[in-house]
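# Analysis of the macromolecular model
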Amino acid sequence: MNFFERLQHIDRRIMYLLLALVISAPLIWTIHQPVTVSPAVKKAYKTVEDMPADKMAVIVIYWGSGTMAETGPQTSALIRHLFKLNKKFAIVAFDPQGSKFAYDSAITIGDELHKKYGVDWVHWGYKPPANLLPLLQSFPRDVVKAMVADINGTPLAEVPAMKGIKTIRDIGLIADVTSVGELDAWIAYIYGSYKTPIVYCPTAVIAPEGYNPLDAGQIKGMLPGLQGAAAYERLLHVEGFATVAMGPLSASHVLIIVLIIAGNIGYISARRRRGS
Amino acid sequence: MFNWLADVELTKSIGIWIAAIGTLAIYSVLYKENPAYRLAEHIFIGAAAGYGIYVTWAELLKPNWWDRIVLGQWYWVFALVAGAMFYFIYSQKYVWISRIIFGTLLGLIAGLAFKGFAGINIDRIHASFKPIYGHGMTISQVANNILFIIVLLAVMAYFFFSFEHRTPARRIPSSMGRWFLMFAFGAMFGSTVMARMSLLIGRMYFLLHDWLHVAH
Amino acid sequence: MLKPDSPPFLWALGIVGDFLIVGGILFWVLNLIPGRFRKKFIVGLTFLAGLIYSVEFFIPADPKTHMNVMTPFTQQVGEALNVVYAFALGLGVFNLIKFHGTNLMRKRTGWHNNLAFFIAFFLMMGVGFWQYAAPSKMSVNAFNMFFISIVAALGASMFSTIGFFIISAAYRAFRIRSGEATLMLVAAFIVMLGQVPIGTFLTKGIPAEGWVSLFRLENVSYWILNQPNMAAQRGIYFGVEVGALAMALRTWLSLERGSFFEREL
């Protein structure tokens, strides 16, 4: 077996070590890299900007600790944008861990931007994911009755932020931050019936599926994965984790491409030798 | 004895160390399967389950069920009766009682299919009829729309199994559909790689920035 | 008679008492159904449940109120299911406790892991309820400490190992064996590079304006995702949606042959 053929038998532990090194290096020796803002992210940004000030945005949290590196920055970027625009929003979580992550994130950013819980924003608490479809039938007609209470158990009718919010017509935007891909439920039962604008914030695994409703106009913008969050941070002129992660992300993608090419060089070399 | 818990910075530091040790224990599986990984895995499952129980009560059952009963809406006890029916799945003799609640819930969700189908597909079908000529259309728009129609029809032809793919009229679009699907799967893989790397970068950032303080 | 400010344990006793009475009566009534009619009963109930939402969709709504005669039922069902599903969440936990408890009681190999499961389970639950019932600096800090260091950290770590596995899997699996595989690889490379800054850097020499800008990697990547990928996804989804509708209809009408349809219940 010559050198080129050996290229298709690199020990996986060497690859793991290389990956850890190429990710660590840009984090330790920070290299600022420009982030491209795609049209989908620009549309999402504009949709949030254009939301009427007298309506409320709803940030849907359908992610947990497993994807918090991607969906956490997306959530934080949206929260920051809504706070900066002085637009009210509600968080509703379909994952118990995501419920706390989103709450803590909003509290931290709210403290930084002098926003008060209960007045500028509210958390509608955790709802069982299996109840998403029935909830989407009852929520549009009476938001307070469907969501009942906030994360602290306070009846929503007593929360100042909920003043004037009665039906889906008072909701100006739904931002679906998800690792599960339940967007079709929101499109089917909310956009399909009430045309409420939806901004989709999926993990990169399910992001390719989002271009379908984006083309059909069923979602008004998309933040695909960590890159989408970094692009949104660029539009907000902040440098969060997503922006910092672009360097390691670049390096890791280059490593994977190099390894795949190396493997194929070894494969072609071995095939040629067998052929001759 | 537990007064140290009141110190935010101390608990944060202890938490970071526990998290770092746990992270490294999980990563030890990359070398080979070992007891540290198994232990960390079991601890995570236990903690996640315990946390789920707490959140289910605090954010779901207490405000939506308990408080309503306490305020006089006693009929909410029926929700507990309905919920208890799920647990008959563990009884061999009375498992059919659990089928009642499962069947009811499946029926409810299935009943939403018509509305769901209409809500999703009407706009998408409408958007699929793209113009291939018109005033003000650029060359790229025309080209993109023509490509869209070709790809869509080819992919749909690939999944059309009612007739065998024998004749060229059936085989060629189906074959094209397979090529386009492979192209789309390649794009999906590229996106998937970004997702997985993002999660890894998140953990590496925690180790280097929050724990070791070597990253900026 | 209990009042809203009565001690919680009295309310708990009252609820359990009501549950046992109502549940007991229902259990007795259900067992009166002869075996040969139980399947028909379940099928009928499934069909009636499905009627709620489907009839509500098909009956025209009042133009002023946007509601029809079935709408109030759908709202009440949504509220009720919120609670019913919450009780169902215990099924998973019950299974875990049963599995780990059995291993622990029988001292099977690795029983110390099962013990660790229970310690973590009761610790996290206990700390959660502690800070809920008696919020203080101590209880809140303890809760946050255990949540961040165990639930968040270990959960994120477990999913992040996929990053390592994907690199070795991609290295082994991606071989240019055919034209289609090559096409898939090319698309993957373009999308991977186009979404990160290095892709922008590689084609920074190409002008950002004009038709030439289409050849910049980030634009090519976006075009791939937004055009051919989008069209392929739509084709896939049309098939999936029709299949899903057919499956939903079969489920609603109990035409799906499950594990219990072949025998008497």
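Residues numbered from 1 in each chain as written. Chains lettered and ligands numbered in written order. Predicted model: local features only at pLDDT ≥ 70, side-chain atom pairs only at ≥ 80, totals over all residues.

## A few points about the overall build of chain A
For chain A, the helix and strand inventory stands at 12 helices and 6 strands. For chain A, the C-alpha atoms occupy an extent of roughly 80 × 40 × 30 Å along the three principal directions. (Helix = DSSP H or I, 4+ residues; strand = E, 2+ residues; numbered from the N terminus.)

## Structural notes on the overall build of chain B
Counting its secondary structure elements, chain B contains 7 helices and 0 strands. In sequence order, the secondary structure elements of chain B are arranged as α-α-α-α-α-α-α. For a compact globule of 216 residues, the expected C-alpha radius of gyration is about 17 Å, and chain B comes in at 28 Å, more than 25% above that figure. Referenced to the eigenvectors of the C-alpha coordinate spread, the extents of chain B come out at roughly 80 × 60 × 45 Å. For chain B, long-range pairs separated by at least 24 residues make up 16% of all intrachain contacts whose partners lie at least 6 apart in sequence. (Rg over C-alpha atoms; globule rule 2.2 N^0.38 Å. Contact = placed C-beta atoms within 7 Å.)

## Remarks on the environment of D142(A)
Its location among the elements puts D142(A) in the loop between α6 (132-138) and α7 (143-147). Along the backbone, D142(A) and G210(A) are 68 residues apart, and their C-alpha atoms lie at a distance of 29 Å. Filtering out sequence-adjacent residues up to four positions away, D142(A) remains in contact with T167(A) and Q75(C).

## Concerning the pairing of strand β4 (residues 171-178) of chain A
All names here are of chain A. Along β4, 8 of the 8 residues are buried, which leaves the element largely enclosed by surrounding structure. Of the strand pairs in this sheet, strand β1 (residues 56-62) and β4 are connected by 7 bridges, and their pairing is parallel. Within the sheet, the bridge partner assigned to Y62 lies in β4 and is T178. Alignment of β4 against strand β5 (residues 198-202), held across 5 bridges, turns out to be parallel. The residue bridging V177 from the neighbouring strand is C201, located in β5. (Buried ≥ 20, exposed ≤ 12 C-beta atoms within 10 Å, placed from the backbone. Pairing = 2+ DSSP bridges.)

## Section: the nonpolar core
Ranked by internal contacts, the top residues of the largest apolar core, which has 223 residues, are I59(A) and I61(A). For I61(A), the contacting residues outside a window of four places in its chain are T75(A), I91(A), V92(A), A93(A), F94(A), D95(A), G98(A), S99(A), A102(A) and V177(A). (Core = buried A, V, L, I, M, F, W, Y, C linked by C-beta atoms within 7 Å.)

## Focus on the interface of chain C and chain B
Contacts between the two partners involve 104 residues from chain C and, on the opposite side, 100 residues from chain B. Top contributing element to the side of chain C that touches chain B by residue count: helix α6 (residues 137-173) of chain C, with 24 residues.

## Points about the interface of chain A and chain B
On the side of chain B, 40 residues touch chain A, which itself brings 48 residues to the contact. Along the lines of polarity and charge, the residues of the side of chain A that touches chain B split into 28 nonpolar, 16 polar and 4 charged. (Nonpolar A, V, L, I, M, F, W, Y, C, P; charged D, E, K, R; others polar.)

## Notes on the sheet that holds strand β2 (residues 89-93) of chain A
Across the sheet, which stays open at both edges, the 6 strands sit in the order β3-β2-β1-β4-β5-β6 (chain A) with parallel pairing between neighbours. What marks the edges here is a single partner per strand, and that holds for β3 (121-126) and β6 (221-222) of chain A.

## Thoughts on the pairing of β3(A)
Residues and elements named next belong to chain A. Burial of β3 is extensive: 6 of the 6 residues sit out of reach of the surface. Bridge count between β2 and β3: 4 bridges; the pairing is parallel. Each residue of the ladder has a partner; that of A93, found in β3, is Y126.

## Observations regarding the domain arrangement of chain B
Each assigned domain of chain B is listed here: domain 1 (1-72) and domain 2 (132-216). When each unit is reduced to the centre of its C-alpha atoms, the spacing between domain 1 of chain B and domain 2 of chain B is 38 Å. (Domains from an automatic or database assignment.)

## A closer look at the packing of helix α3 (residues 77-85) of chain B against helix α1 (residues 8-32) of chain C
Taken N-terminus to C-terminus, the directions of α3(B) and α1(C) make an angle of 60 degrees; their axes are 9 Å apart at the nearest point. The pairing of α3(B) with α1(C) is recorded here as oblique in orientation. The handedness of the crossing between α3(B) and α1(C) comes out as right-handed. Within the contact between the two elements, α3(B) uses V77(B), F78(B), L80(B), V81(B) and A84(B) and α1(C) uses I15(C), D18(C), F19(C), V22(C), G23(C) and L26(C). (Axes fitted to C-alpha atoms, helices over the stretch in contact; angles between N-to-C directions. Parallel < 35°, antiparallel > 145°, perpendicular 65-115°, else oblique. Left-handed = near helix turned anticlockwise from the far one by under 90°.)

## Describing helix α1 (residues 8-27) of chain B
Between the first and last C-alpha of α1(B) there are 28 Å, a value that for 20 residues agrees with the 28 Å anticipated at 1.5 Å per step. Within the span of α1(B), buried status applies to T11(B), G15(B), A19(B), G22(B), T23(B), A25(B), I26(B) and Y27(B). Where the residues of α1(B) are buried, they touch α2 (35-70) and α7 (168-211) of chain B together with α6 of chain C. (Expected span 1.5 Å × (residues − 1).)

## Points about unusual backbone geometry
Positive phi, close to 70 degrees, is recorded for V148(A), a residue that is not glycine. Mapped onto the secondary structure, V148(A) falls in the loop between α7 and β4.

## A closer look at the packing of α3(B) against helix α3 (residues 71-88) of chain C
Where α3(B) contacts α3(C), the axes come no closer than 8 Å and their chain directions differ by 40 degrees. Comparing the axis directions of α3(B) and α3(C) gives the class oblique. The two elements α3(B) and α3(C) cross, and the hand of that crossing is right-handed. Between α3(B), through A79(B), L80(B), A82(B), G83(B) and A84(B), and α3(C), the contact on the second element is made entirely by A80(C), V83(C), V84(C), F87(C) and A88(C).

## A closer look at the environment of I166(C)
Topologically, I166(C) is positioned in helix α6. According to the C-beta neighbour criterion, I166(C) is partly exposed, with 19 such atoms within 10 Å. Sequence-distant contacts of I166(C), that is, excluding residues within four places in its chain, are made with V193(B) and R196(B).

## Side note on the environment of T192(B)
Note on placement: T192(B) falls in helix α7. On a C-alpha basis, the gap between T192(B) and I18(B) in space is 30 Å, while along the polypeptide they are 174 residues apart. Setting aside residues up to four positions removed in sequence, T192(B) forms contacts with A204(A) and V205(A).

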